[in-house]
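Residue-level listing of the chains:
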Amino acid sequence: MTEAIHTSNAQRVLPSAPSILKAIYRNFLLRRLLKALFTIFVVITITFFIIRLMPGNPVDIYVQEQINLYSMTYEDALAQASAMFSIRLDQPVLSQYFDYIVALLHGNLGNSYKSVGTPVATMIAKFLPWTLFSVGLSLLISFTLGMGLGMLMAYRRETILDYILSTIGSILSSVPNYLVAMTLVVFLGVQWKLVPLAQMRGSLSPGVEIGFTLKFISDALFHAAFPIATYVLTTVGGWMLTMKSSTVAALEEDYVAVARARGLPDSRIMTSYVGRNAMLPLFTQLAISVGFIVGGSVLIETIFVYQGVGKMLIDSINQRDYPVMQAVFLIITISVILANLLADFLYSWLDPRIRNVGGKGA
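Residues numbered from 1 in each chain as written. Predicted model: local features only at pLDDT ≥ 70, side-chain atom pairs only at ≥ 80, totals over all residues. Heavy atoms only, no water.

Colleague: Quick question: what am I supposed to make of the overall build of the protein chain here?
Modeller: On a plain count of helices and strands, the protein chain comes out with 19 helices and zero strands. Split into buried and exposed, the 362 residues of the protein chain put 36% on the buried side. Considering only intrachain contacts with a sequence separation of at least 6, the fraction spanning at least 24 residues in the protein chain is 72%. With an accessible surface of roughly 20,800 Å², the protein chain has 67% of that area assigned to carbon and sulfur atoms. (Helix = DSSP H or I, 4+ residues; strand = E, 2+ residues; numbered from the N terminus. Buried < 20%, exposed > 50% of the residue type's maximum accessible area, 1.4 Å probe, protein only. Contact = heavy atoms within 4.5 Å. Areas by Shrake-Rupley, 256 points an atom, 1.4 Å probe, with all protein chains shown as cover.)

Colleague: Can you help me understand the nonpolar core in this one?
Modeller: The tendency in soluble globular proteins is for nonpolar side chains to be buried side by side. Among the nonpolar cores identified, the biggest contains 17 residues, and Phe 143, Trp 239, Met 243, Ile 269, Val 274 and Leu 282 are the most heavily contacted of them. Those elements giving two or more residues to this core turn out to be helix H7 (120-155), helix H12 (225-251), helix H13 (254-261), helix H14 (266-278) and helix H15 (280-291). When sequence neighbours within four positions are dropped, the list of residues in contact with Ile 269 reads Tyr 155, Val 256, Ala 259, Arg 260, Leu 264, Val 274 and Gly 275. Listed in part, the 15 residues of the second largest apolar core include Met 123, Val 309, Met 312 and Leu 313. (Core = buried A, V, L, I, M, F, W, Y, C linked by side-chain atoms within 4.5 Å.)

Colleague: Looking at this structure, how should I read unusual backbone geometry?
Modeller: In terms of backbone geometry, most residues other than glycine have negative phi values and most peptide bonds are trans. Of note, the phi angle at Val 305 is positive, near 55°, even though the residue is not glycine. With respect to the helices and strands, the residue Val 305 is situated in the loop between helix H16 (298-303) and helix H17 (309-319). Residue Val 305 is classed as partly exposed on the basis of its relative accessible area, which comes to 23%. Despite not being glycine, Arg 320 has its phi angle at roughly 55°, a positive value. You can see Arg 320 is positioned in the loop between H17 and helix H18 (322-350). Take Arg 320: its relative accessible area is 12%, and that puts it in the buried class.

Colleague: What should I look at first to understand the pattern of salt bridges in this one?
Modeller: When charged atoms on two side chains of opposite charge get close, those side chains can pair. Applying the stated criterion across every chain yields a total of three salt bridges. We note a salt bridge from Asp 162 to Lys 244, for which the minimum N-O separation is 3.0 Å. Highlighted residues: Asp 162 in helix H8 (residues 160-174) and Lys 244 in helix H12, separated in sequence by 82 residues. For the pair Asp 162 and Lys 244, one class covers both residues: buried. (Salt bridge = Lys/Arg side-chain N within 4 Å of Asp/Glu carboxyl O.)

Colleague: For this particular structure, what's the right way to read the side chain of Ser 134?
Modeller: With respect to the element layout, Ser 134 can be found in helix H7. The class of Ser 134 is buried, set by a relative accessible area of 0%. Residues contacting Ser 134, with those up to four places away along its chain left out, are Ala 224, Ile 228, Tyr 231 and Tyr 306.

Colleague: What is the right way to look at the packing of H7 against H15 in this model?
Modeller: The angle between the axes and the distance between the axes are what describe a pair of packed helices. Two numbers describe how H7 lies on H15: the axes approach to 12 Å, and their chain directions differ by 160°. Comparing their axes, H15 and H7 come out roughly antiparallel. Along this stretch, H7 crosses H15, giving a crossing that reads as right-handed. Note on element contacts: H15 touches H7 through Leu 282, Phe 283, Leu 286, Ser 289 and Val 290, opposite Leu 139, Phe 143 and Met 147. Partitioned by chemical class, the residues of the contact of H7 with H15 number seven nonpolar, one polar and no charged. (Axes fitted to C-alpha atoms, helices over the stretch in contact; angles between N-to-C directions. Parallel < 35°, antiparallel > 145°, perpendicular 65-115°, else oblique. Left-handed = near helix turned anticlockwise from the far one by under 90°. Nonpolar A, V, L, I, M, F, W, Y, C, P; charged D, E, K, R; others polar.)

Colleague: I tried to follow helix H9 (residues 177-191) on my own but got confused; where do I start?
Modeller: Note: α-helices contain 3.6 residues per turn, so residues at a spacing of three or four share the same orientation. With 15 residues, H9 extends 20 Å between its outermost C-alpha atoms, agreeing within 8% with the 21 Å of an ideal straight helix rising 1.5 Å per residue. Of all the residues in H9, the buried ones are Val 180, Ala 181, Leu 184, Val 185 and Gly 189. Down the axis of H9, the buried set is contained in an arc of 135°. They therefore lie on one face. Immediately beyond the C-terminal end of H9, within one or two residues, lies Lys 193, with a positive phi of roughly 55°. (Expected span 1.5 Å × (residues − 1). Arc of directions from axis to C-beta.)

Colleague: Before we go on, may I ask you to explain the side chain of Thr 234 in this structure?
Modeller: Considering the arrangement of structural elements, one finds Thr 234 in helix H12. Of the polar contacts made by the side chain of Thr 234, one reaches the backbone oxygen of Thr 230; its length is 2.7 Å. Within the structure, Thr 234 has its side chain in polar contact with the backbone oxygen of Tyr 231 (distance 3.3 Å). Excluding residues within four positions of it along the chain, Thr 234 makes contact with Leu 172, Ser 173, Val 175, Pro 176, Asn 177 and Val 180. (Polar contact = N/O pair within 3.5 Å; in protein donor to acceptor, adjacent residues only side chain to side chain.)

Colleague: What is the right way to look at the packing of H9 against H12 in this model?
Modeller: The N-to-C vectors of H9 and H12 enclose an angle of 130°; their axes lie 9 Å apart at closest approach. Considering the angle they form, H9 stands oblique to H12. Crossing hand, H9 versus H12: right-handed. Of the residues in H12, those touching H9 at Asn 177, Val 180, Ala 181, Leu 184 and Leu 188 are Phe 226, Thr 230, Leu 233 and Thr 234. Broken down by class, the residue content of the contact of H9 with H12 amounts to six nonpolar, three polar and no charged.

Colleague: Sorry, what's going on with the environment of Thr 122 here?
Modeller: The topology assignment puts Thr 122 in helix H7. Spatially, the C-alpha atoms of Thr 122 and Asn 111 are 9.2 Å apart, while their sequence positions differ by 11 residues.

Colleague: Just to check I follow, could you spell out the environment of Gly 148 for this structure?
Modeller: Here Gly 148 is to be found in helix H7. The exposure class of Gly 148 is partly exposed, given its relative accessible area of 40%. For Gly 148 and Lys 244, which are 96 residues apart along the polypeptide, the C-alpha to C-alpha distance reads 9.4 Å.

The structure is reproduced here in structure tokens:
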């Protein structure tokens, strides 16, 4: 009888597996976090196998380069590649995959095949800050400028200014960023020769030391001027149009009419009532846009020869540098998923009803 009582109490104290899963499913934040981790794992796996399905491998690419550039025989080029690369491509793909996952769990991204002996983490730490600087600064500029112009368009709607800005915003938001980049290069750099393209290559001039000095900041902005201009021109139109529609919707709300009936000045209504509520949808979009900072820099950095992680990805693809490719795709995946997580958390904070939807079967 006593044992039966203890068993019954233990069953009441220890939750069952279904109840644990149900509690996890009902927890909004934990449910989103588990989905994010599972998505990262799936993308890592797919990326690993897709990369190895690409035609050619690091050894083949290197051998072909040596034959074309130095007229070496295939045997000599292969012998040099075997001595240069510590690649075990003869192993089964599944064995390579499990080795990669184990190393990744230990925080080891591996070494570059092309830059022998150089850890991939070191290369990422060298190039990633320049991408974050150029794309992050341009995103901040375009977001701020787009909000201001969008509110102006909404308050001046149905006027000539509204038509002009709406047309410009529609055009800018529909033109691909690589087309804008090539246009800047062709006209400003080649045809009109207004900017020294050769000097603007790279992310920093030789001899300039990194530090919070005027020389470093001005030189970094000089090299990032074209990428920043391209990012701003191709993203500000979308922010303008979104902010305009959001502001127009906010102006039609009842609390704006009540504020005007109370005699509040237009400046306070614009900032405290209309602007604050109209910006809420844009902040969630901004959180998602942050996640695409790394992935959106690939073509632009290649066109302007800007030494960021995007150009490093293109170079690694051309050279079939598997560890570098995997590391960059991993960073892109994590940044996008974290940005979506941030957007989910922001939505749930703005609208608490979202947190309760999951418990009702959503």
